[in-house]
Each structure stands twice: as structure tokens, then as C-alpha cells.
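# Breakdown of the fold
Single-letter residue listing:
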Amino acid sequence: MSTPPPENGPEDVNNRSFWMPGNYHSTVKRTENAFLACNDMVACFQERARVERQYAQQLSEWSNKWKPLVDASPLYGSLLQAWQCFLSSADRIAALHSSICRSLVSEDGDRIRTWQKDTFHKKLFGGFKESQDFDTGFARAQKPWAKKLKKLDKAKAAFHKASRKEQAAMDREAHAQGNPDIAIEKQRKIQEERELARAETEKVRGRYEKVLEEVTRYAPRYMEEMESIFDQSQEEERKRISFLKQAFLSIHRHLDVTNNEGVKAAYNELHNTLMAINEVEDLRWWKNTQGPGMPTDWPHFQDWTPDKKSKKGKKDLDLKEPIERVVMIGGVRVRALYDYTGQETDELSFKAGEEFLKIEDEDDQGWCRGMMDGGREGLYPANYVEVV
């Protein structure tokens, strides 16, 4: 059942958007979630099978206990036959529930297990090949976009900083004009500082606009690559939804064995609910809440807004939070699990079995920094190596 997205500000929506770096992981994780759901599904209906078997055994025990007593009773004719019919019908119902138990375990359970084995391919060191393929595809498509966004943020910060300097110079010039306590030469110098600040602001602004234009120009290609991989993921999820729908319907067919109107109504309602499983609607909801249909605040030019004036005699401090980098002293020895050829100049290339040092921990994009024995440093995918 789809739910409307929460009403949050543009910044929060942007942070959660599928298009922002690293936010594709929930889509990748669907593979692992589906595998775990299959385990839970099998366990759930195996427990139901035990209930069916116990009920069948109790019916048989009850019937066998009362058969000799009913046969020896003083009743006769149709009245005796009616009493005996309760017991014979119990035997038939017991056999039917024993058959349900066998179907749930050997047919439905084995069918899900077989499909699970054929659909999900476990990797030697954990995870699934399907998840890795999607994760690698998304990461490769998103890496240049993340770099461009980082460059854009840097250009924007430089423009805003220059704008603050220009505003401060303008404030000093306004204060100096017409002030007899400030010498003409000093006023001229203040004016020159303001003009230099304005020129610097325009220069940095031009650089910011150029980077923004580059990001905007690259966005269609980025969207195309990300949607291509997302569509592949959607197709895999569509197949899973379709199969599990059929598995549920098979289980329902084995359980729906009564002609009682009240129970039949309940099973009809269950059947209608199962028939209402719709992969098209499910995929559309996912797309709109975790994928390309999500609202996002695309990069756009953000003008600088002057800060509020502080009290006279105090200066505003431009505080910056330091960027934390986890650097390993001496490094950790790792061994390559697979061949990898660097796609960028700042990436390492290596062969499976080759050993080198990991000198920085994994970042949000799944990349580590390493150093080869020859002294070359560069980035590499974290899941391509193991610690020696």
C-alpha cells in the first residue's frame, strides 16, 4: 500500500533523494530483503504445516477411540449410521489435513527453496552477486556526478565567501564617506579595497556559474545511466513479486478446502487480497518513494544573502567544521579477491591475489585508499579485497 511522502523541506527531500550520492542503497538492498523474506515465508508455512499435521492426528485419535464404542452402542438404524458418519467424516478430514501438511512442506516449501536457490547467487565472502552487480553499476554511474557536486559546492562556498568580503568592504566605505575623522587618503584606500572585492566577487561568481553549467549539462547523462541500472533492478523485483504472488496463491489453493460459508467468505476475502497483488502498482510506488520519481531539489544558482549585522565592536567568525578523514598509521595489509582495472587516474589497478596496503577506511561511496608496494596511491572498491 503506497503512502504519501512526508512533508519536509527541500533540503531534507534532497538529502533523501535517489539521485543524491549513496541513496541508491535501499534499492540494492531489496535483493537481500527478498532472500530473507523467502526464509521467513518457508518457516511460516512449515509451522502451519505442523498445525495441520497435529490437527489430523488428533482427529484420527478421536475417531479411533470412539469407533468401537459407537459400533457397540445400543443405537441402531439411521441414528447409528448418523453417529458413525461423524467418525468416518473425521477420518476423511484427517486425511485431507495430512495432505495439506505434505503440500505445504514438499510442494510449496520446496518450490520456494528451489526458486530462491536459482534466483539468488551467494558470493563466497557474503552478499549476493545480484546485489553487487547493481551496487557496482550505481556506484560507477554516480562517481563522476558526486565529484561534480563536490566541485560545485566548493565553487559556491568560494562565491559566498567573496560576497561576504565585498559586503564588508561596502560597509567600511559607507562608514568612511563624509566622516571628517578619516583622512582622504584612507578613504581612497577603502574605496580601492571595495573595488578589488567587487572584482574578485565577479570573478568567483563566473567560476561558480561555469561549474553549475557543467553540472547541469552532465545531469541528463547521469540520469540516463542511473535509470538504466534502476530499470534492471525493477525488472528483477517485478519477477520476484510475480513469483511470490503465485507462491501465495498455491498455498491458498491448498488451504482453501472447506465449504462452510463463513470460512469460505474468509478465504474468498483472502483470495481477493492475494489477487490484488499488482506488480505494476508496487513498482510505481517504489519508484516514487525510493527511486527516480522522488522529488528532488536539482542544483541551481543560489545567490548570497548578507548575514545580519553583529553588534558594534564584534566580528563575525567564519567557522568551518573540519572534515574527518580516517587515516591508518602504517596501513593494513589486504589481498585482492578479483581483478580490477582503474577507471580514473586516481584509481588503482590490480590482479586477484595481489597484496598491498589499505591506508584509509571506506568512504560513503564504498571506496578505500590504498598504496601499492611501488609507492603508488589511489582509490579502489572496498569489496574487492579482504584483510590478510
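Going by the structure above, here's the rest.
This write-up is about the structure you can find in this document. (Residues numbered from 1 in each chain as written. Predicted model: local features only at pLDDT ≥ 70, side-chain atom pairs only at ≥ 80, totals over all residues. Heavy atoms only, no water.)

## Some thoughts on a nonpolar patch on the surface
Together, W62, W66, L69, L75, L79, W83 and F86 make up a nonpolar patch on the protein surface, roughly 700 Å² of accessible area in all. Secondary structure elements with two or more residues in the nonpolar patch: α3 (30-71) and α4 (77-119). On the secondary structure map, W62 appears in helix α3. (Patch = residues over 30% accessible without salt bridge, like charges linked within 9 Å, V, L, I, M, F, W, Y side chains within 5 Å. Areas by Shrake-Rupley, 256 points an atom, 1.4 Å probe, with all protein chains shown as cover. Salt bridge = Lys/Arg side-chain N within 4 Å of Asp/Glu carboxyl O. Helix = DSSP H or I, 4+ residues; strand = E, 2+ residues; numbered from the N terminus.)

## Some points on the packing of aromatic side chains
Going through the model one piece at a time under the given rule, you end up with 22 aromatic pairs. Considering the side-chain rings of F35 and F120, the 5.5 Å spacing of their centres and the 75 degrees angle between planes classify their relative orientation as edge-to-face. A residue pair is termed long-range when its members are at least 10 positions apart, and F35 in helix α3 and F120 in the loop between α4 and α5 (129-176) qualify at 85 residues. Here F35 and F120 have matching classes, each one buried. Seen in terms of ring centroids, F159 and Y208 are 5.7 Å apart; in terms of plane orientation they differ by 35 degrees. Their pairing is tilted. Linking F159 in helix α5 with Y208 in helix α6 (residues 184-255), this pair joins segments that are 49 residues apart in sequence. Look at Y208 and you get buried, because its relative accessible area is 1%. Here K143 stacks its cationic end above the ring of W367, 4.0 Å away from the centre of that ring. Positioned above the aromatic ring of Y218, the side-chain terminus of K148 is 5.0 Å from the ring centre. (Phe/Tyr/Trp six-rings, centres within 6.5 Å; stacked < 30°, edge-to-face > 60°. Buried < 20%, exposed > 50% of the residue type's maximum accessible area, 1.4 Å probe, protein only. Lys NZ or Arg CZ within 6 Å of the ring centre and 35° of its normal.)

## As for the nonpolar core
Ranked by internal contacts, the top residues of the largest apolar core, which has 28 residues, are F18, Y24, F138, W145 and M226. Of all elements in the fold, only α5 and α6 reach the threshold of two or more residues within this core. Element by element, the count of residues in this core is highest for α6, at eleven residues. Judged by nonpolar contacts, the second largest core, of 19 residues, contains A34, F45, F128 and L244. (Core = buried A, V, L, I, M, F, W, Y, C linked by side-chain atoms within 4.5 Å.)

## What to know about empty space enclosed by the protein
Evaluation of the coordinates by the stated rule reveals one cavity of 30 Å³ or more. Here the largest cavity defines a volume of roughly 30 Å³. Taken together, M41, V42, F45, L104, D108, G109, I112 and I251 make up the lining of the largest cavity. Only α3 and α4 provide two or more residues apiece to the lining of the largest cavity. If you tally residues by element for the lining of the largest cavity, the top one is α4, at four residues. Classifying every residue of the lining of the largest cavity by side-chain character gives six nonpolar, one polar and one charged. (1 Å grid on protein atoms, 1.4 Å probe; cavity = no way out; pocket = protein on both sides within 12 Å on 5 of 7 lines; lining within 4 Å. Points joined across faces, edges and corners; volume = space filled by probe spheres on them. Nonpolar A, V, L, I, M, F, W, Y, C, P; charged D, E, K, R; others polar.)

## Examining the packing of α3 against α6
Put simply, α3 and α6 touch, their axes get as near as 12 Å, and they point 5 degrees apart. Judged on the interaxial angle alone, α6 and α3 are roughly parallel. Residues R30, T31, A34, C38, M41, F45, R48 and E52 of α3 touch α6, and the partners they reach there are S233, Q234, E237, R240, L244, F248, I251 and L255. Of the residues assigned to the contact of α3 with α6, the class counts are eight nonpolar, three polar and five charged. (Axes fitted to C-alpha atoms, helices over the stretch in contact; angles between N-to-C directions. Parallel < 35°, antiparallel > 145°, perpendicular 65-115°, else oblique. Contact = heavy atoms within 4.5 Å.)

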